[in-house]
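Reading the structure
What follows is the residue order along each chain.
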Amino acid sequence: MEVGHCYLDGNADAVEFCPHESYYRVLAAATYTLHEGEQQSRSGSISLFDVDAEVGRFELCHRVKTVGIFDVKWSPVEGNMVGQTPMLAQADADGSLRVHGLHNSLGDEKGYCLREINVNKISSSMCLCLDWNPSASSISVGLSDGSVSVVAFSESKLNVIKEWQAHDFELWTTAFDIHQPQLVYTGSDDCKFSCWDLRDSASNLVFQNSKVHKMGVCCIAKTPIDAHTILTGSYDEYLRVWDIRSISKPVNETSICLGGGVWRIKYHPYEPGFVLAACMHNGFAIVRIKQQECELVESYTKHGSLAYGADWQRAKLLNGDKQKGPVVATCSFYDRLLRIWMPENNIFQ
């Protein structure tokens, strides 16, 4: 069921609902547009929306023009010495990491705006992906030259504290382990899935698997309820389930083929057995993962271009005493389309 849709001002590549209770309705949508010519340039934007599916509200609140953006992530906790406000980090095509604070717009009935807290030019290469550690005290950034930077964030300052060459090609995904935040996972165009311990020398690997993924590793997600399970998505169209205690092969050898490169995967915040996936050339998918078995429960194919951005809204919709289905945001690249929708099937039954 569609809640609403709109076209953004650039090629849409990332959507993120705010995870903090007072701001569940806030959705950030990011764009990256390459301008061809004698001198190539890249532009981007972040658009904030107010999304309330209960009343059918889907309104643009605020837009920030910026350089081309490859990834955005809300902080897992509010505040962190900047005041009690959610923070949004962005990975920029010009090699910069930026952090914004979310604020209520004074005198603006539409509600919310972003104000830049800090920016740090961390590389001459492009920043392709990022992830906050669980305490929002540092951010890992993956770069187009295959390197990783870990940036400390405190008192509104951004300082690179570690950097190392992790992969041979573009590093498309980086993720902190939410149960063991000293661990950082990375995936790259070199088909390698790696884990690093920040307490060790940066060149010391915890593990690296280079045999299972047949194409580049695009995304990594750690399950919030199981310290041992982690998911990867790849250009080879497979969503794979891993047990980090036995990393030589996926728990389920076949996992599940989703029919398109698996660019983004997001666990549902309240029903962790369900995963939302952006499948590039094959729209979006909702997958049930139970006892290491994967089952496709719903497909969404109402986008006409590369499926890149996907996220669940944290708010619970109630119909009397019965919870209604989840609300999902998805975006596609070349057609610049952002959609808000609810699954047709009662997936949680």
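None of these values were measured; they are calculated from a predicted model.

Considerations on the pairing of strand 16 (residues 193-197)
- By the criterion of burial, strand 16 is predominantly enclosed, with five of the five residues buried.
- Both faces of strand 16 are covered, namely the face carrying Phe-193, Cys-195 and Asp-197 and the face carrying Ser-194 and Trp-196.
- When strand 15 (residues 183-188) meets strand 16, the two strands line up antiparallel, connected through five bridges. For Leu-183, the partnering residue across the bridge sits in strand 16 and is Asp-197.
- Hairpin connection, strand 15 to strand 16: the antiparallel pair is bridged by four residues, and Cys-191 has positive phi, about 75°.
- Direction of pairing for strand 16 relative to strand 17 (residues 205-209): antiparallel, over a ladder of four bridges. Counterpart to Trp-196 in the pairing with strand 17 is Leu-205.

Some remarks on the sheet that holds strand 16
- Read across the sheet, four strands follow the order 14-15-16-17 without closing on themselves; strand pairing throughout is antiparallel. Because the sheet does not close on itself, it has two edges, and the strands there are strand 14 (171-176) and strand 17. Taking the axes of each pair of neighbouring strands and ignoring which way they run, one obtains an average angle of 15° across the sheet.

Some details on the environment of Gly-111
- By the element assignment, Gly-111 lies in the loop between strand 8 (96-104) and strand 9 (112-121).
- Taking the C-alpha atoms as reference points, Gly-111 and Cys-61, separated by 50 residues in sequence, lie 6.3 Å from one another.
- Among residues more than four places away in sequence, those in contact with Gly-111 are His-103, Asn-104 and Ser-105.

Comments concerning the packing of aromatic side chains
- Under the criterion given, the structure shown has 16 aromatic pairs.
- Measuring from ring centre to ring centre gives 5.8 Å for Trp-132 and Phe-153, while their planes differ by 85°; the resulting arrangement is edge-to-face. Pair noted here: Trp-132 is in strand 10 (residues 127-132) and Phe-153 is in strand 12 (residues 147-154), with a separation of 21 residues, a long-range link.
- Overall, the relative accessible area of 5% leaves Trp-132 in the buried class.
- Residue Phe-153 is classed as buried on the basis of its relative accessible area of 1%.
- Ring geometry for Phe-193 against Trp-242: centres 5.0 Å apart, planes inclined by 55°, an arrangement best described as tilted. On the criterion of sequence distance, the pair formed by Phe-193 in strand 16 and Trp-242 in strand 20 (residues 238-243) is long-range, its members being 49 residues apart.

Things to note about the UniProt feature "repeat: WD" (unreviewed entry) in the protein
- Those places that UniProt annotates as "repeat: WD" (unreviewed entry) correspond, in this numbering, to residues 210-246.
- Helix makes up 0% of residues 210-246 and strand 49%, with an end-to-end C-alpha separation of 14 Å.

As for the pattern of salt bridges
- Tallied over the full model, the rule gives 18 salt bridges.
- Among the ionic pairs, Arg-199 bridges to Asp-197, the shortest N-O distance being 2.8 Å.
- The salt bridge partner of Glu-295 is Arg-288, with a shortest N-O separation of 2.8 Å.
- Relative accessible area serves as the criterion here: at 42%, Glu-295 is assigned to the partly exposed category.
- Linked by salt bridges that have partners in common, Glu-16, Lys-266, Asp-311 and Arg-314 make up one network.

Parameters at a glance
- Residues numbered from 1 in each chain as written.
- Predicted model: local features only at pLDDT ≥ 70, side-chain atom pairs only at ≥ 80, totals over all residues.
- Heavy atoms only, no water.
- Buried < 20%, exposed > 50% of the residue type's maximum accessible area, 1.4 Å probe, protein only.
- Helix = DSSP H or I, 4+ residues; strand = E, 2+ residues; numbered from the N terminus.
- Pairing = 2+ DSSP bridges.
- Axes fitted to C-alpha atoms, helices over the stretch in contact; angles between N-to-C directions.
- Contact = heavy atoms within 4.5 Å.
- Phe/Tyr/Trp six-rings, centres within 6.5 Å; stacked < 30°, edge-to-face > 60°.
- UniProt positions renumbered as here; feature names shortened; annotations may be inferred.
- Salt bridge = Lys/Arg side-chain N within 4 Å of Asp/Glu carboxyl O.

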